[in-house]
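# Chains, contacts and geometry: an overview
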Amino acid sequence: MSDTTPPSGGPAETQDGDWSNRLFGGFRKTSERLTGNLAGIVGGGRLTEAQLDDLEDALIMSDLGPRAAARIRERLANERFERDADERAIMEVVAREIAEILRPVAKPLDIVAFPRPQVILTIGVNGSGKTTTIAKLAHLFQEQDYAVMLAAGDTFRAAAIGQLAVWADRLDVPIVKGPEGGDPASVVFDAVKAATDDGTDVLIVDTAGRLQNKRELMDELAKVRRVLGRLNPEAPHDVVLVLDATNGQNALSQIETFKEVAGVTGLIMTKLDGTARGGVLVAAAEQYGLPIHAIGVGETIDDLRPFNPDLLARVIAGIA
């Protein structure tokens, strides 16, 4: 969604009174980096080619990526400022263009599957915060009065199974798991059957994050898909890639790889708090156009939320 209206039954941003404050805090370093890089660039009614070059370089250095930077440069080149272009006037234009980039991709995960459950495969490299993000996503759905079940499909790491089980206990949601080293497809089969029998709305499946052997991971996910297809031809309904914003431009290469390996349908970006690399959110939106379902800007269970693209654009530009 491109406004502040939440998914049906979901919490409005106004109900989470400090969400905007978390955005400001999470993107403070990003906005400081961007405004710092753009500092001192002022012009007359129109910006010169040299000034535009400097602006484009500053946007790239702020992790917005070359495509978004080129797009913003073009907007600035066509802008006729009523008075001399000071930093505020330039950042207003930057914010408007960032909002244009983000609006088409700001799409919360809507639970629409029929028959239930809606099966969400979560993927991402180890260390991206995937397991914690699953818990936060489950909590977000609980707030919308959906019944949630978890499946511990990352059977290659005992720690992943254990961590997900701890979260399931905290959230008071059922979890289906198997032994370490077991067959992920078997776990997913049991989970879909249990979720279907129980009338569960959402089944969130953790998956292995190994990219050292892409072929092995691809084969594993293909097997999971085949098993899902036997039980529910529409499943998985979503394949969500969890990205760690602190990786900056490396996050974009992960999108490229996981699109090939797993058929990613949407993104969640985490760890936006405390990093100066939040601009990579804009780079991902411009380069790939995949839905960005939610962003994480803190450590608490309720810090994962869909975002208002217009507000976020102004926060990134430091003018909200």
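Up top you'll find the structure we're talking about.
Below or above, wherever it landed, is the structure these notes cover. (Residues numbered from 1 in each chain as written. Predicted model: local features only at pLDDT ≥ 70, side-chain atom pairs only at ≥ 80, totals over all residues. Heavy atoms only, no water.)

## Things to note about the nonpolar core
Put simply, the test is: Remark: nonpolar core denotes a set of buried residues (Ala, Val, Leu, Ile, Met, Phe, Trp, Tyr, Cys) joined through side-chain atoms within 4.5 Å. Here the term buried applies to any residue with accessible area under 20% of the maximum for its type, exposed to any over 50%, and partly exposed to those in between, with areas from a 1.4 Å probe on protein chains only. Numbering goes from the N terminus for both helices and strands, where a helix is a DSSP run of H or I of at least four residues and a strand is a run of E of at least two. Contacts between residues were defined by any pair of non-hydrogen atoms, one from each residue, lying within 4.5 Å.
Judged by nonpolar contacts, the single largest core of 84 residues is most densely connected at Phe27, Leu76 and Ile295. Considering every element that reaches this core, the biggest residue donor is helix α5 (residues 87-102), with 9 residues. If we ignore the near neighbours within four places in the chain, the residues touching Phe27 are Leu272, Gly278, Leu281, Ile295, Val297, Leu312, Val315 and Ile316. Counting residues in each nonpolar core, the second largest holds 25 residues, with Leu109, Ile111, Leu150 and Ile268 among its members.

## A closer look at unusual backbone geometry
The peptide bond linking Arg116 to Pro117 adopts the cis configuration, its omega dihedral lying at 5 degrees. Along the polypeptide, Pro117 turns up in the loop between α5 and β1 (118-123). Across the junction of Ala235 and Pro236, the peptide omega takes the value -5 degrees, indicating a cis bond. Here Pro236 shows up in the loop between α9 (214-231) and β5 (238-244). Phi at Asp145 is positive, roughly 65 degrees, even though this residue is not glycine. Position of Asp145 among the secondary structure elements: in the loop between α6 (130-143) and β2 (148-152).

## Side note on the sheet that holds β1
Heads up, the rule is: Strands were regarded as paired on the criterion that DSSP finds at least two bridges between them.
Pairing in this open sheet of 8 strands is mixed, and the strands run β3-β2-β4-β1-β5-β6-β7-β8 from one edge to the other. Of all the strands in the sheet, just β3 (175-176) and β8 (304-305) have a single pairing partner and so form its edges. In the sheet, β5 pairs with strand β6 (residues 266-270) via 5 bridges, with the strands oriented parallel. Its bridge partner lying in β6, Asp244 is registered against Thr270.

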